[in-house]
Amino acid sequence: MNRHVQRLQQAYRELPWRRQARRVLWALAAMVAVAAVLALEVHFSAQALVLNYELHARQQAVLDTQQQIVVLQTRLAQLTSVDHLLRVAEREGYHPLSVEQEHFVPVPPDVLPQEAVALPQARPLPPSRPPLPEAYTISLVRWLERYLLLEPAQ
Amino acid sequence: MTRHVSSPLPLVNEDAGVAPLAAGWRYAVAVGVVLALGVLVVVRMVMLQIGPERAALVSMAGGDYAETVPLPRGLIYDRDGHLLAGDREAYEVDLRLGKTPGEAFPQIAHDLAVTLGLDEEALLRALVSNKARGVAAVLVTNRATPRQREVLLAQEENWYYTTPEGKKVTLSDVLDFHRRLVRFYPEGGIAANVLGFVAVGSGQGYGGVEQYYDALLKGGVAWVSYPYAPWSEGDAQGRRGPRKPAALYLTIDRVLQQQAEAEAARAVEQTKADSATIVVADPYTGALLAVAQYPRPNLNNYDAIQAHLKAWKALDFAVERVYEPGSVFKIVTMASAVDAQAVRPTTVFHDVGTFSVPGHTVWNWNRGGWGDQTMVGCLQHSLNTCLAWVAVDKLGKERFYAYLRAFGFGRPTGVDLGGERSGRYSYPGASMWSYSDFASQAFGQAIAVTPMQMVAAASAIANGGYLVTPHVLQYEVVDGRAYPYRSSGTRQVLSAEAARTMRQMLAASLKGESSAALVEGYSVAGKTGTAEIAVQGQGYVTNMTNASFVGWFPAEKPAYVIYVWLEKPKTSRWASIVAAPVFARMVKRVAALEHVPPDKVREQVAISQEPQP
């Protein structure tokens, strides 16, 4: 009886369609593995390309803005240049003050108005990058331990 | 019996007695299709990573793995935050010769020359010769303004040429415009010698601050890297290149600078001098408030810069030109002797009008003798014989040259301006040194210095004996952080007592001679200098001099050192006549602009602040 069972088992194990199916499954598994890796790569690359496109566009906008600011600052400085202001002032009837025209009045130091210096309000600086959720920082063992013990997440 | 099957797959196993052949091929086809689809997916994914689609996507995203980001050159401000050097929009204009028929050249050269302010004939010659050589395109200008570009583009109606095919070629068809930022100086010629300039093509700074801080102002091109694959280089934040351009805040005060430049121009006009240089500095820190000169170019006119450099071989006279300072150098000799305790203010020198050293006889400026003179009298009458005696007989060559080295003569001061020269002098041990050099150097001949070296030496006497490094940088700002100027080092060259004594001697000598440098209400100290100029083949000639004055105010608590140098004045050869009044006028201008109270007011304030018994 046992011998017949063994023969049947052996025969079943070595059925051609089973051997063929095994080979096909291995091949499919290998392809799925390769495809999974490649899918990860394609997915990442596609997203990275989109983000890079955004970054490039914004960086160019920043650069253009920086350049425009510099050009405008320069034009403003040209308008307020010393020579220009002097010409305008002289045209309006003003003239530079000479030292003989200045009058200094000695004032005791205790009567001098004290300059009040307002300090800026101290504000906590925003973190340079958002903190990662704890799930991304704890070890797998610790997470498993918590999961099995059903500890509430902290 | 065994039957052999030619199929590569063992689809049939007759031993098992199952799987007939008809069912096997259908199965094989099904499996083949599944496998083919799988392979297709994998191949497609691989192609997406390395194929032309990948290149197209990367190109769409703006470039390859890394990109360089061009950054505007750093700005330069004066001490109050007024912009001295910025940028303006400009266009490089290229003419495509290949598309331009030769018949149109005269009209094109005319229109371009009129609009862009160029030499029409030179432009026409360049077009013809480049066309003959088969050059594809020629650079017309690289500084066209936006307005000039608009004018050129508006000439669309001017038809220049009709091709045999009947196509009309206009000016805008053959011109290429490339936008760029070029350096622009909103103050024009103000502080031109301090700022320097930037070459349009190379972007390299030349002269002044632009040259000295070129690397800081350029900042380097930022290099940014982004990841395109999980394992590619770079990180999510990108990577930066060397550093961003720095904004520089100078110690120069633009109004004081403009006033000093106006005074320099006035001095040249009144004295018919070849040039004038005026430096105003804080003696305690070495901060330069004004470094003025006349003539100087307008930095927005490249041709004017070239012409200036061709004529003068220097952009900034205060650091790039050396000359024999003459009697202003006597303050260095006397300060050295006082510090070494070789003489005191009351030490008497009997002047007979000459002083002899081996191979040379020193004469006074008036070829006369002045009898018994104290050291104050020697400075007051600017006696060459007395200072030669002090150096040769009282100080000795070892100590004299040790003091020259300590004061920094013969090497650059370290001022942060491009092109600084070191000056030179002969010293014991050098091949051409003689006692004649030694005696002459004591009163400022046979030694070449820059005005900046004299400013540094005078500052040391004014500030209590410390040699400070002159500088124009107040602080640099990079990424919103300010980094103050850090001096390369300060060292004591005179004792505080010797410096104080010198200040008193110089104030007394000016008062004693009723100098034109005196200013009502303000105590000043200083020294004139009239140096004859050596001409090749003729030696020292008497009709050409360098007239200078170095001094400070207030005399006892110096706040400002002022240096004046007039080159070859024609109305008078004497510094006391041409340079001293310029110093006095500068004192008045500085006092007015900086709101320095007169001595009487300062004394009243000092008395009121004294503790009451």
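Residues numbered from 1 in each chain as written. Chains lettered and ligands numbered in written order. Predicted model: local features only at pLDDT ≥ 70, side-chain atom pairs only at ≥ 80, totals over all residues. Heavy atoms only, no water.

Peer 1: What should I look at first to understand the sheet that holds strand β13 (residues 288-294) of chain B in this one?
Peer 2: The strands making up a sheet are joined through hydrogen bonds of the backbone, oriented either antiparallel or parallel. Residue and element names in this part refer to chain B. Here 5 strands make up an open sheet; going across it, the order is β13-β12-β26-β25-β24 and the pairing antiparallel. Lying at the two open borders of the sheet, with one neighbouring strand each, are β13 and β24 (525-535). Ignoring strand direction, the axes of neighbouring strands in this sheet form an average angle of 10 degrees. As judged from the 8 bridges shared by strand β25 (residues 539-553) and strand β26 (residues 560-567), these two strands associate in the antiparallel manner. In the sheet register, Asn546 faces β26, and the bridge partner there is Glu567. Sheet contacts for helix α10 (residues 254-271): β12 (275-281), β13 and β26; angle to β13, the most-contacted strand, approximately 30 degrees. On the sheet, helix α19 (residues 496-512) packs against β24 and β25 and is oriented at approximately 80 degrees with respect to β24. (Pairing = 2+ DSSP bridges. Helix = DSSP H or I, 4+ residues; strand = E, 2+ residues; numbered from the N terminus. Axes fitted to C-alpha atoms, helices over the stretch in contact; angles between N-to-C directions. Contact = heavy atoms within 4.5 Å.)

Peer 1: How should I be thinking about the side chain of Ser515 of chain B in this particular structure?
Peer 2: Residues and elements named next belong to chain B. Relative to the assigned elements, Ser515 resides in the loop between α19 and β24. The buried category is assigned to Ser515, whose relative accessible area is 9%. Within the structure, the side chain of Ser515 is placed 2.9 Å from the backbone nitrogen of Ala517, a separation counted as a polar contact. In this structure, Ser515 is in contact with Leu510 and Ala580, ignoring residues within four places of it in sequence. (Buried < 20%, exposed > 50% of the residue type's maximum accessible area, 1.4 Å probe, protein only. Polar contact = N/O pair within 3.5 Å; in protein donor to acceptor, adjacent residues only side chain to side chain.)

Peer 1: What exactly am I supposed to notice about the packing of aromatic side chains here?
Peer 2: The geometry of two aromatic rings is summed up by the distance between their centres and the angle between their planes. Residue and element names in this part refer to chain B. All chains considered together, the criterion is met by 25 aromatic pairs over all chains. Plain terms: the ring middles of Tyr425 and Tyr427 are 6.3 Å apart, the flat faces sit at 75 degrees to each other, and that makes the pair edge-to-face. Its relative accessible area of 43% is what places Tyr427 among the partly exposed residues. The structure contains a cluster of three or more aromatic residues connected by ring pairs, namely Phe400, Tyr401, Tyr425, Tyr427, Trp433, Tyr435 and Phe438. Looking at Arg573, its charged tip hangs above the ring of Trp574, at a distance of 4.5 Å from the centre. (Phe/Tyr/Trp six-rings, centres within 6.5 Å; stacked < 30°, edge-to-face > 60°. Lys NZ or Arg CZ within 6 Å of the ring centre and 35° of its normal.)

Peer 1: Would you mind going over the environment of Ser509 of chain B with me for this structure?
Peer 2: Residues and elements named next belong to chain B. Along the chain, the position of Ser509 falls in helix α19. Excluding residues that lie within four positions of it along the chain, Ser509 makes contacts with Val376, Leu379, Gln380 and Gly526. A polar contact is formed between the side chain of Ser509 and the backbone oxygen of Leu506, at a distance of 2.9 Å.

Peer 1: Sorry if this is basic, but what is going on with the state of the cysteines here?
Peer 2: Defined simply, a disulfide is a covalent bond joining two cysteines at their sulfur atoms. All names here are of chain B. Within this structure, the stated rule accounts for 1 disulfide over all chains. Note that Cys378 is cross-linked by a disulfide to Cys386, the S-S spacing being 2.1 Å. For the disulfide bridge between Cys378 and Cys386, the dihedral angle about the S-S bond is near 90 degrees, and by the sign convention the bridge is right-handed. Here the two residues Cys378 and Cys386 agree in accessibility, since each one is buried. (Disulfide = S-S within 2.5 Å.)

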